[in-house]
Amino acid sequence: MTVKLHNFAETPPMASRVQTQPDELDALSEILNAIHLRGGTVTHQSNEYSVQIAYPAGARLVHIIEHGSASLRLEKENSTLVLHAGDLVLVPHGEAHALISYAPASWVTGTFIVEDAVADPLLSVLPASIVIRGGENDNGWLRLSLDLLLAEVTLGGPGTQVMVSRILDLLFIHALRAWSADGTASPGWLTAAMDSSLGPVLSAIHRNPEQQWTVEGLALRANLSRSAFAGRFSRLLGTSPIAYIAERRLGRAAYLLRSTADPVGQIAVQVGYTSEAAFSRAFRRRFGVPPRRWNTTPPAKRGTTNSVGDKVYPPDGREE
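Here goes a summary of the coordinates provided. (Residues numbered from 1 in each chain as written. Predicted model: local features only at pLDDT ≥ 70, side-chain atom pairs only at ≥ 80, totals over all residues. Heavy atoms only, no water.)

**Comments concerning the overall build of the protein chain**
Stage number 1. Across its full length, the protein chain holds 11 helices and 10 strands.
Stage number 2. For the protein chain, with 320 residues in total, the buried portion stands at 48%.
Stage number 3. For the protein chain, the accessible area works out to roughly 15,100 Å², and carbon and sulfur atoms hold 52% of it. (Helix = DSSP H or I, 4+ residues; strand = E, 2+ residues; numbered from the N terminus. Buried < 20%, exposed > 50% of the residue type's maximum accessible area, 1.4 Å probe, protein only. Areas by Shrake-Rupley, 256 points an atom, 1.4 Å probe, with all protein chains shown as cover.)

In structure tokens, the structure reads:
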């Protein structure tokens, strides 16, 4: 039996979050704020017989196995993972996949919502799936999270949507921490965010991408020489500091164009450009459409999203 799930319940609105002081936010927190990560909805699947649930491409999901076992099959990767009770799997890119159980089994599925234009290049460093085994040490948080989600799904009550959203946020962060700590993390923002020297630099860039940052100034913030900083940055992130800043500025601009009614020229200034023309050229190179057409162009017709390591353009619009 195959069941296709095309739509989930309506996503809960973003509730106000408890804010820490800006200087207290670490690099990982700043980056997750930048992609506007928030948990969406939860569904509970329980089967008394063999079943295959197909999840279409596009939704960033997390599955936690409650009882029994299930196999995760990723269509694009043509691979299969066996999951047991207590295991979690995160599918961060929204690839089409299926969960297959050959005996009674149940699991919880949660959705994540991000700002795609900002998130896609950042999340590109993650693998197609991240598996956290519930039986491993220090994973007591996983059982607790599952129990809390099941309680909200089955009992509900005032504040359920916010509760579910917050628990899903925590699961996403726990999965990133676990993956970055297992030694298989590839170069990218996550490994750099955990670095004692580069963490404060990334935090500053994501908090204020509009500032006219210099390599010398960032090196000073990292307590490294200019050459040591540039080498360390390129090694851990796979790109130069100037290219990374440009990518963050354009990602912020894409978000502002969609979420505000501010004119293009004002947004250009807000993200660090002194010329609207230079901003428009850089934006079009990055996203395939000019900023004035960003909101009216269907996502499928926009330019391909670059990874962090792809060639991007500095704020003045000139090619590096």
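From this point, the discussion proceeds with the structure in view.
**A word on the pairing of strand 9 (residues 105-113)**
Stage number 1. In terms of residue burial, strand 9 counts as a mostly covered element, since 9 of its 9 residues are buried.
Stage number 2. The alternating pattern of strand 9 places Ala105, Trp107, Thr109, Thr111 and Ile113 and Ser106, Val108, Gly110 and Phe112 on opposite faces, both of which are buried.
Stage number 3. Note that strand 2 (residues 38-47) and strand 9 share 8 bridges and pair antiparallel. Bridge pairing in strand 9 places threonine 43 opposite threonine 109.
Stage number 4. Relative to strand 9, strand 4 (residues 60-67) is paired through 7 bridges, and the arrangement is antiparallel. (Pairing = 2+ DSSP bridges.)

**Re the packing of helix 2 (residues 116-123) against helix 9 (residues 241-259)**
Stage number 1. Their axes nearest at 8 Å, the elements helix 2 and helix 9 cross at an angle of 150°. Compared by their axis directions, helix 2 and helix 9 come out roughly antiparallel. Between helix 2 and helix 9, the residues in contact are Ala117, Val118, Pro121 and Leu122 and Tyr244, Glu247, Arg248, Gly251, Arg252, Ala254 and Tyr255, respectively. (Axes fitted to C-alpha atoms, helices over the stretch in contact; angles between N-to-C directions. Parallel < 35°, antiparallel > 145°, perpendicular 65-115°, else oblique. Contact = heavy atoms within 4.5 Å.)

**A few points about the packing of aromatic side chains**
Centre-to-centre distance and the angle between the planes together describe a pair of aromatic rings.
Stage number 1. This structure, assessed with the given rule, holds 8 aromatic pairs.
Stage number 2. Grouped by ring-pair contacts, the aromatic residues Tyr273, Phe279, Phe283, Phe287 and Trp294 constitute a single cluster. (Phe/Tyr/Trp six-rings, centres within 6.5 Å; stacked < 30°, edge-to-face > 60°.)

**What about unusual backbone geometry?**
Stage number 1. For histidine 36, which is not glycine, the phi dihedral falls at a positive 55°.
Stage number 2. Note that histidine 36 resides in the loop between helix 1 (27-34) and strand 2.
Stage number 3. Positive phi, normally seen in glycine, also occurs at asparagine 223, with a value near 60°.
Stage number 4. If you trace the backbone, asparagine 223 turns up in the loop between helix 7 (215-221) and helix 8 (226-237).
Stage number 5. A residue is classified by how much of its surface remains accessible, and asparagine 223, at 71% relative accessible area, is exposed.

**Comments concerning the packing of helix 9 against helix 11 (residues 276-287)**
Stage number 1. Contact pair helix 9 / helix 11: the axes reach a minimum separation of 10 Å and the direction vectors enclose 90°. Accordingly, the angle class assigned to the pair helix 9 and helix 11 is roughly perpendicular. For the pair helix 9 and helix 11, contact is made by Glu247, Leu250, Ala253, Ala254 and Leu257 and by Phe279, Ala282, Phe283, Arg286 and Phe287, respectively.

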